[in-house]
Each structure stands twice: as structure tokens, then as C-alpha cells.
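Structure assessment
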Amino acid sequence: MADYGHDLVFGTFLTPQNADPHAPVVLAQLSERAGLDLVTFQDHPYQPAFLDTWTLLSYVAASTERIKISGNVINLPLRPPVLLARQAASLDLLSGGRFELGLGAGAFWDAIVAMGGPRRSPAEAVASMSEAIDIIRTTWDASRRGGVFADGEQYKIRGAKRGPEPAHDVSIWLGALGPRMLRLLGEKADGWLPSLSNLKPGDLARGNAIIDEAAAAAGRDPREVRRMLNITAETATVDDLLPLALGDGVSAFILASDEPGAIQVWGEEIAPELREAVTRERRAAGTPTGEVVRGPKALALRREGIAYDALPPALAATAVEPGDKAYPKARSTYMRSGAPGLVLRPGTAAEVAEALAFARRQDVPLAVRSGGHGISGRSTNDGGIVIDLARLDSVDVSGTRVRVGPGTSWGHVAESLAPHGLAMSSGDFGDVGVGGLATAGGIGFLSRKFGLTIDHVTAAEVVLADGRIVRADARENPDLFWALRGAGGNFGIVTAFELDAYPVGDVVFAQMLYDASDTSALLERWGKLVEAAPRELTSFLYLFAGRRGSAPAAQAITVWADDDTDAAVDALTPLLSVAPVRQQQAQLLPYPAIVAPSDAAHYGGQADPLISNGLAVHLAPDLNEVIADGLRSGVTPWIAIRAAGGAVNDVDPGTTAYPHRHQNFNVSSVGGHRELFREHWDELRRHLDGLYLSFETDQRPERLRDAFPGDTLTRLRELKAVYDPENVFSQNFPIALPVDRLHG
Ligand SMILES: Cc1cc2nc3c(=O)[nH]c(=O)nc-3n(C[C@H](O)[C@H](O)[C@H](O)COP(=O)(O)OP(=O)(O)OC[C@H]3O[C@@H](n4cnc5c(N)ncnc54)[C@H](O)[C@@H]3O)c2cc1C
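In this report, we go over the structure that sits alongside the text. (Residues numbered from 1 in each chain as written. Predicted model: local features only at pLDDT ≥ 70, side-chain atom pairs only at ≥ 80, totals over all residues. Heavy atoms only, no water.)

Opposite charge on two side chains lets them pair, provided their charged atoms get close. Applying the stated rule across the entire model yields 49 salt bridges. For Lys68, the salt bridge identified is with Glu100, shortest N-O distance 2.6 Å. Of this pair, Lys68 sits in strand β3 (residues 68–71) while Glu100 sits in strand β5 (residues 99–104), and the two are 32 residues apart along the sequence. Given a relative accessible area of 26%, Lys68 falls into the partly exposed group. Its relative accessible area of 5% is what places Glu100 among the buried residues. For Asp724, the salt bridge goes to Lys720, with nearest N and O atoms at 2.8 Å. (Salt bridge = Lys/Arg side-chain N within 4 Å of Asp/Glu carboxyl O. Helix = DSSP H or I, 4+ residues; strand = E, 2+ residues; numbered from the N terminus. Buried < 20%, exposed > 50% of the residue type's maximum accessible area, 1.4 Å probe, protein only.)

Here's what the structure looks like:
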């Protein structure tokens, strides 16, 4: 007797006939309407009466909305594995994660050979499947560098490029029967997909035993393999299927029928009844369901110091550990490679509090992550816990009031606001997360007109170090509200922000590429023009060192925060005179187009990035000379100068914990050589006035003083002692410790 406790899946197995080419599509749509979970098609590419299954799958994906799709099963001998991986990933991306890969090693060998395919013995068929699974998974794995290589018995792959990565973790199900293929399945695949009509009594139990044994020998938990079954209308009854579910562990039943009436009854009557009966029986038998399953191999990768088994169930269900398939995407951030022992993904403020309480009981580092684009903030670690807020990603608009989860990106916020004619300035990159930016500042493309992002935060919901969930706004916890807007990473985990958005429609987006040979003069002219320009104009200037003897270049990205193109042209034209122009263009665009999110997965890549910054009132010649030196010498091959004045400076310096309210520019740069970079920045800082925490990797205590000059740091230290006396939040310019050392 076996019941692996999987949730039940119900599907259809349709004939891809081409006599009436739309008929299979209509049946797929009917399957979806009938409430079924999955629609599948056989794949016999040598059969002229059939549509090509891949083409049909794509068509069906585009003609349905919810239902999952799969080949049942895809013919491996006629479909080379790298291409198959790309087709599967592409369809998964296009369908929003609805594709699963049912695979078969081949049959009808004469027909396959007639089409130019190979003839394989049973042993060769197993080898080809084993090699193909590895090749497919390697092709999907964009988290690693290098190409796809295989020197197998059946496939020689010589450095094919990896990717694309599917939208979700695509399952590989095998239509297997023989013991060798079943052993392979237990070792590597995610599901067994035989047809009941091909099985003799006892075959399911025998097959399960082989799979279970092979899975255990490979360090997997047998529950990692779903048992599925193609059935016919005659056996599609609750009485017939219940014993298969409870006794043979079958958790996916796929009805082979092209009869609309049978499909409807299957989806609307039999499937719900069977689901209910299985739930009832499992409850009575105490069968565990919905558990995250990890085999010995995955468990061996757990890190010291974390009581994994003590995780509250709600957190355990979504947590990611080093042995999980989701781990490569969860471990690192945009700037940093990481190897945390546990990534917790709470979905509510209460779960965040639970996650924090759990993390505090462990003896490992803690990182808080929203969008994973931290520069100062380290939102990953080695062997510790990450509280990842990606699931808190809602954006609710009501009038100009917007409630935003920290885990979404500013690109998505812009997309949600645009239909209401609203916008919120954030930064220059749409993938940057809400949480990190809205707790530090937000110097964006609309800043001169509308100020910093934090200037429009009207309230925050925060989980404090002691687990309390509090509101911070002008009336409730006003001191916390002050600290959160500038030094938020030190004071708690913000689980929601309330923002006051402003009306913005289309904006003018201009790009100018300059020859920056005379860097210093360019900076002076650009700086003066930007300062004098109307506030609708915000410009960011990026400087690049010249390569292989060529002149350095500068790119100005300028936004005119209005759709008045005549006024924009008047304001932009002078910028064409700051240096020789190599290219220029300007477009009228909706604001979200400027910060469009790419939602790219983070795979890290930099061990320890080097980025520093400071603020300047004017781009004066002595400052410009040092900037130009850094570019010329190659110490800072990439420099960004962001306009940070205008409306930013309308706010009193004491209103938020970002006190820099008289400067007009932020200068930041990226370095490679640690010592030279530090020397360069020590020199540069003599000409600068203050620092924006979000663009800084230098953790020396002096930088805290630059970021929080005068009374700001004193007040922050007092509040840190109240809200986070044990310095739980220490991954982003920790306030208590460095200052103690400074005064010690
Ligand atoms: C490519 C790129 C472009 C950028 N451009 C700009 C720009 O134009 N303007 C600008 O102002 N900034 C810009 N930034 C900097 C950006 O604002 C910060 O790096 C910010 O911290 C990123 O937020 P995140 O949520 O993605 O970061 P994460 O890596 O998720 O978090 C960084 C840190 O922020 C804190 N934090 C995150 N979420 C929360 C939360 N919910 N509650 C409390 N603390 C939290 C934590 O200390 C964490 O370590 C840019 C960064 C990158 C990488």
C-alpha cells in the first residue's frame, strides 16, 4: 500500500488529429472550463493524421488561460534535447508557467527511422533518456556560467548556450514501463506517467517499488516522484480510482477521451467527488499531505545553527533550503553572491513577525530582502537566514493613496499607477525593490519636480525587533516614522508602505551621448544647466572610461516630467552644447516605459562590490577635476551623477532621517581596486558634502557621519536603543556598533 500524499491532479489526454484541426483546441478549452487541471496530447511526429504536437501545445497555450499543458509523451528520438529544453522553456514563459514536460524514449522505431531518427535498443533508449534529462536541466539552468556539454553514448553537446530559464520549475514526467527506465525515473525524474491499459494487475505496485528504491538510492525521498495514470472513460469512476489513489499512490488521473460529454462529467462530477473521497480517507488514515519533501541528499546540505525542523508550518511550506530546486534563484542578490542556510518567504506581516522570531532564536546572521538590489544593504549572507519579502508584492491604489508591499519593484508600482494617471519617482532602474529604496531615500527621474520617494511615504506598517507589528506615521510612532525614512533598515521590517502619488502622464525621455574627453568642462556645463533648468527637468549623467585608447563617453538621461514637448525642447536644447554630441534622441513616453521591470532572477556574481558616493551642492571645477582623474586613471571606470536638488530641497532637513536638503547632485562610482578606490574617494570626499546610504559599500564608521550628519546620528542612536537595542538589524549601515566604536 502506498499513498505519497500528493495533491490530486485531473486532466485529459486528447488526440491531436488534424481532420478538424480546431477540434483538439476546443476540447482543451472545454477541459479548462470543466475545472480540470491539465490537458495533454500524444506526440507521434511520423503520423500524418496528427497535428505536430509542439505547434498544437503552443496554440492551446494561447487559447487557454489557466490549465496546465503537456505532451503525453513527447517523442525524444525525434526531438534533440537542447532544442527540446528551449521549446519547453519558451512555452512555459509564454504560458505563464503552465507547461510540464512529459517525455517518452520512443516506440514505432521503423517510423522514427523513416523520418531520419535513430533506432535505439531498450538499453540505448534508457541511456538516451538519462542523458537527455541532464542536458535539458543543464540548458534550463541559467544560474551557472559556461555552456552545455555532454559526451554521452547518445548525445554529444559541445558548448550550447544555456537558457532560457522556464517560468517555473518544469516537471519531467516519463512514460516508462521497463525496470531500467523505472530505475532511471526514480533517480532523476519528477513523475511516472504510464497508461492503465498497458499495465497488468500488480504492475503499479511493482513499478512503485522500483522507483522508490532507486529514488532512495539516489538520495531522494520517493515522495519527490508523482505517480500519474492515463485512464479510459470505462475506468473513470470513483470506485475504480479511489483504490488506485490510496493503494497505489496515483495522484494524477488523465482521461483519454475526445468525447465532450465525458470530459465535462469527468471535470465537473467525478474529479471533485474523487478529490473529496481521497481527502476524507486520508484524514481518517492520518496520511500527511502537502508536506515539502526533501531527500537525504537535500537534507545533507542544511547548514549548522538552524533548527530547520522547528520552523512553523506556514513558513516551512514556502521556505527554500540549499538542497531545493528553487535555491539557485533565491540565494544571491543583484550585487552579491550568497549561500544562506535558509530563505524564509513570509506572505503576511504576521508571518514576517513569526519569521523574525524564528530567526532570532537561531545562532546565525539575519538579512532582510525586498527587491534584492541592495548596495549598502546586504540582503544575503553565508549560512544565515534571509527573510525575503517578495511575496508581499501588492499595489493597491485608492485615489492618490497607494498601499504598496515592500517585495514588489518600482517598475511594477509605476505600471500599477499609470492607469490612474499617477506616478511615484523611485530611481533609474525598474527592478529595484520598494523596501530598500523607500527606507533610504529614492533619488529618481522625477526628483527635481516631486522630491525623494521617502518624501511621499505617509505611513508604514513595521515589524519591530521584538515582534510587535506597529504603524508609523505622523501621529502614531512619529519618531519611528522619522527614522524609517532614511535609515529604515536599522529599525525593523517594513511590511507595507502608504504613499501619496502625484499626477504624471506621458513624459519626455531624452538620451544624449557625449564625447567626454574634456570631462571636467562637460561636468561644469551640465551641472550649471541642470541647476538652472525648470524643475520638470531631472537629468542623470553616466560617465564611462574610454576603452582601448578611445575617449571617455558620457550619457545623459534626462526626463522632462510633463508632456509639453515644446517646453521640453526649450529645456533640453542647451544640454546639446555641453560637449560634442555623438548621438541624441528624445521620445514622449508613459513614465512606466522608462522604468520597465525585467523581473530578472538574481544569480549574484560579484564577491564584494565597491561603490561609493557623496553629495555636492555644485559641480565645481575642483570636484570635477578629481572625478575626471578617477575616470582617466581607470580607478572609477563608471560614474553616475544624479540631479538630487529642486523639490528635494523644499523639505526641512529635520523632517526625515535623510537630512541632505541643500545639495543638488549625487556623485557615485564603481571601482575595482580596493586600495586605489579608497584613496580616490578619500580625496573626492574633501569636495563633497554628505552621503546617500543607498549607494555606499564602505562600512567604516565615518560614513555613518557623512550619511547622518550632526543631530541626525545622535537622534538615530537614541531611537536605535529604543527600537532595536540588540542590533538585530545590522546588515545595512548598523547604527549602534560603529558609533559606539567611534566614541569608544
Ligand atoms: C542597478 C541599481 C540602480 C539603482 N538606482 C537607484 C537610483 O536611481 N536611485 C536610488 O535612490 N537608488 C538606486 N539604487 C539603490 C537602491 O535604492 C538600494 O540599493 C535599495 O536598497 C534597493 O532596494 P531593494 O529592496 O531592491 O534591496 P534589498 O537588497 O532587498 O535590500 C537592501 C537593504 O534594504 C533594507 N530593507 C530592504 N527591505 C526592507 C524592508 N521592507 N524594511 C526595512 N528595511 C528593508 C535592508 O537593510 C536590506 O539589507 C540602485 C540600485 C541598483 C542595484
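Okay, the site of the ligand next. Around the ligand, a shell composed of 35 residues is seen, among which Ser370, Gly372, His373, Gly374 and Ser379 lie nearest. Between the ligand and Gly433, the relevant distance is 2.8 Å, taken from an oxygen atom to a main-chain nitrogen or oxygen of the residue. Here an oxygen atom of the ligand sits 3.1 Å away from a polar atom, N or O, in the side chain of Arg642. Contact with the protein chains covers 96% of the free accessible surface of the ligand, which is 950 Å². Elements supplying a minimum of two residues to the shell around the ligand: β13 (366–369), α15 (434–438) and β20 (493–500). The dominant element in the shell around the ligand, judged by the number of residues it contributes, is α15, at three residues. Of the residues assigned to the shell around the ligand, the class counts are 14 nonpolar, 17 polar and four charged. (Near = heavy atom within 4 Å. Polar contact = N/O pair within 3.5 Å; in protein donor to acceptor, adjacent residues only side chain to side chain. Areas by Shrake-Rupley, 256 points an atom, 1.4 Å probe, with all protein chains shown as cover. Nonpolar A, V, L, I, M, F, W, Y, C, P; charged D, E, K, R; others polar.)

Cis geometry marks the peptide bond from Asn72 to Val73, where omega comes out at 5 degrees. Mapped onto the elements of the fold, Val73 is located in the loop between β3 and β4 (74–75). With an omega of 0 degrees, the peptide bond running from Gly163 to Pro164 counts as cis. Position of Pro164 relative to the elements: it lies in the loop between β7 (156–160) and β8 (172–174). Positive phi, close to 55 degrees, is recorded for Asp599, a residue that is not glycine. Phi at Phe733 is positive, roughly 50 degrees, even though this residue is not glycine. Looking at where Phe733 falls in the secondary structure, it is placed in the loop between α24 (711–723) and α25 (736–743).

Pairing is antiparallel in the open sheet, where seven strands are placed in the order β25-β22-β24-β23-β27-β28-β26. Each edge of the open sheet is held by one strand with a lone partner, namely β25 (581–590) and β26 (611–616). Going across the sheet, the axis of each strand differs from the next one's by a mean of 15 degrees, ignoring polarity. Pairing geometry for strand β27 (residues 638–643) and strand β28 (residues 665–670), over six bridges, is antiparallel. (Pairing = 2+ DSSP bridges. Axes fitted to C-alpha atoms, helices over the stretch in contact; angles between N-to-C directions.)

Nonpolar side chains in soluble globular proteins generally cluster together in the buried interior. Within the largest apolar cluster, 75 residues are counted, with the highest numbers of intra-cluster contacts made by Phe253 and Trp266. The contacts of Trp266, once residues within four sequence positions are left out, are Phe10, Gly11, Thr12, Leu36, Ile231, Ala236, Leu241, Phe253, Leu255, Ala271 and Pro272. Membership of the second largest hydrophobic core comes to 73 residues, among which are Val404, Trp410, Tyr723 and Phe733. (Core = buried A, V, L, I, M, F, W, Y, C linked by side-chain atoms within 4.5 Å. Contact = heavy atoms within 4.5 Å.)

On to the packing of aromatic side chains. If you walk through the whole model with that rule in mind, you get twelve aromatic pairs. Both rings, one in Tyr334 and one in Phe429, keep their centres 5.8 Å apart while their planes meet at 50 degrees; by these two values the pair is tilted. With Tyr334 in the loop between α12 (327–330) and β12 (342–344) and Phe429 in the loop between β17 (422–423) and α15, the pair connects residues that are 95 residues apart, well separated along the chain. In textbook terms, an aromatic cluster arises when at least three aromatic residues are bridged by ring pairs, as seen for Phe10, Phe253 and Trp266. One Lys or Arg, Arg227, reaches over the ring of Tyr4 and ends 3.9 Å from the middle of that ring. Taking the ring centre of Phe450 as reference, the NZ or CZ of Lys449 above it sits at 5.9 Å. (Phe/Tyr/Trp six-rings, centres within 6.5 Å; stacked < 30°, edge-to-face > 60°. Lys NZ or Arg CZ within 6 Å of the ring centre and 35° of its normal.)

The buried fraction of β5 is high, at six of six residues. The alternating pattern of β5 places Phe99, Leu101 and Leu103 and Glu100, Gly102 and Gly104 on opposite faces, both of which are buried. As judged from the two bridges shared by β3 and β5, these two strands associate in the parallel manner. The residue of β5 that forms the bridge with Ile69 is Phe99. Handedness of the crossover joining β4 and β5 through helix α3 (residues 81–94): right-handed. (Right-handed = clockwise from strand over helix to strand, strands pointing away.)

Close contact between helix α1 (residues 23–33) and helix α9 (residues 260–285) brings their axes to 9 Å; oriented N to C, the two are set at 25 degrees. Here α1 lies roughly parallel to α9, going by the angle between them. Pair α1 / α9 crosses with right-handed handedness. Of the residues in α9, those in contact with Leu27, Leu30 and Ser31 of α1 are Pro260, Ile263 and Gln264. Its residues assigned to classes, the contact of α1 with α9 shows four nonpolar, two polar and no charged. (Parallel < 35°, antiparallel > 145°, perpendicular 65-115°, else oblique. Left-handed = near helix turned anticlockwise from the far one by under 90°.)

Here we take up the environment of Pro580. Counting through the fold element by element, Pro580 comes out in the loop between α19 (565–572) and β25. In sequence terms Pro580 and Ser251 are 329 residues apart; their C-alpha atoms lie 68 Å from each other. Excluding its chain neighbours within four sequence positions, the residues that come into contact with Pro580 are Leu513, Tyr514 and Asp515.

Turning to the side chain of Ser668, a few remarks are in order. Tracing the sequence through the fold places Ser668 in strand β28. When its relative accessible area of 3% is taken as the criterion, Ser668 is described as buried. Excluding residues within four positions of it along the chain, Ser668 makes contact with Ser612, Asn613, Trp638, Ile639, Ala640, Arg642, Trp681 and Phe695.

Spatially, the five strands line up as an open sheet ordered β15-β16-β20-β18-β19, and their pairing is antiparallel. Since the sheet does not close on itself, it has two edges, and those belong to β15 (395–398) and β19 (469–473), each with one partner. Going across the sheet, the axis of each strand differs from the next one's by a mean of 15 degrees, ignoring polarity. Of the strand pairs in this sheet, strand β16 (residues 401–404) and β20 are connected by four bridges, and their pairing is antiparallel. The partner of Arg403 across the bridge, within β20, is Glu498. Its contacts with the sheet place helix α17 (residues 478–487) against β18 (457–463), β19 and β20, and it is angled at close to 100 degrees to β18.

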